[in-house]
Amino acid sequence: QVQLVESGGGLVQAGGSLRLSCLASGRILGIDDMGWYRQAPGKQRELVATITGGASTNYADSVKGRFTISRDNAKKTMYLQMSSLKPEDTAVYYCNAAIRVTWYEPLSEYWGQGTQVTVSS
């Protein structure tokens, strides 16, 4: 079965940095678009950044210039480098990916279990 597993979350002071990773495992034929989303307590899940199979990127306005999304296709891993972190970045961060398991099935969307990022002021 396909799994997405995030890692790298934790507690950091405002102005600090963290690097999140998302590892895809299982029977995977190919990975298309990938993305990071986050959900703060009492709020809806929101887009943080996305990266296409061709490495085109898109960022939420709130993180532009501070976060960088990247991927290593050979390692089936996506990253989110977060710098100049603010208390409002505190949330559970989720990995999302569109994955093809077999050539005759369409892409399916998968989510990781989430990793907590807490930024103290």
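(A) Structural context of the state of the cysteines. Under the definition given, this model contains 1 disulfide. The disulfide partner of Cys22 is Cys95, and the S-S distance across this bridge is 1.8 Å. For the disulfide bridge between Cys22 and Cys95, the dihedral angle about the S-S bond is near -60°, and by the sign convention the bridge is left-handed. Of this pair, Cys22 sits in strand β3 (residues 18–25) while Cys95 sits in strand β9 (residues 91–100), and the two are 73 residues apart along the sequence. You can call Cys95 buried: its relative accessible area is 0%.

(B) Up close: the sheet that holds strand β8 (residues 77–82). Read from one edge of the open sheet, 4 strands run β1-β3-β8-β7, paired in antiparallel fashion. With partners counted over all chains shown, the strands left at the sheet margins are β1 (3–7) and β7 (67–72), one partner each. The mean angle between the axes of side-by-side strands here comes to 15°, regardless of whether they run parallel or antiparallel. Pairing of β3 with β8, which is carried by 6 bridges, proceeds in the antiparallel orientation. The residue of β8 that forms the bridge with Cys22 is Met78.

(C) Molecular detail of the packing of aromatic side chains. One pass over the full model with this rule turns up 2 aromatic pairs. Ring geometry for Trp103 versus Tyr104: centroids 5.5 Å apart, planes at 85°, classification edge-to-face. Residue class for Trp103 comes out exposed when judged on its relative accessible area of 72%. With relative accessibility at 57%, the residue Tyr104 sits in the exposed group.

(D) Local environment of the environment of Gly65. You can see Gly65 is positioned in the loop between β6 (57–59) and β7. In this structure Gly65 comes out as exposed when scored by relative accessible area, which is 84%. In sequence terms Gly65 and Ser83 are 18 residues apart; their C-alpha atoms lie 8.8 Å from each other.

The rules behind each value
- Residues numbered from 1 in each chain as written.
- Predicted model: local features only at pLDDT ≥ 70, side-chain atom pairs only at ≥ 80, totals over all residues.
- Heavy atoms only, no water.
- Disulfide = S-S within 2.5 Å.
- Helix = DSSP H or I, 4+ residues; strand = E, 2+ residues; numbered from the N terminus.
- Buried < 20%, exposed > 50% of the residue type's maximum accessible area, 1.4 Å probe, protein only.
- Pairing = 2+ DSSP bridges.
- Axes fitted to C-alpha atoms, helices over the stretch in contact; angles between N-to-C directions.
- Phe/Tyr/Trp six-rings, centres within 6.5 Å; stacked < 30°, edge-to-face > 60°.

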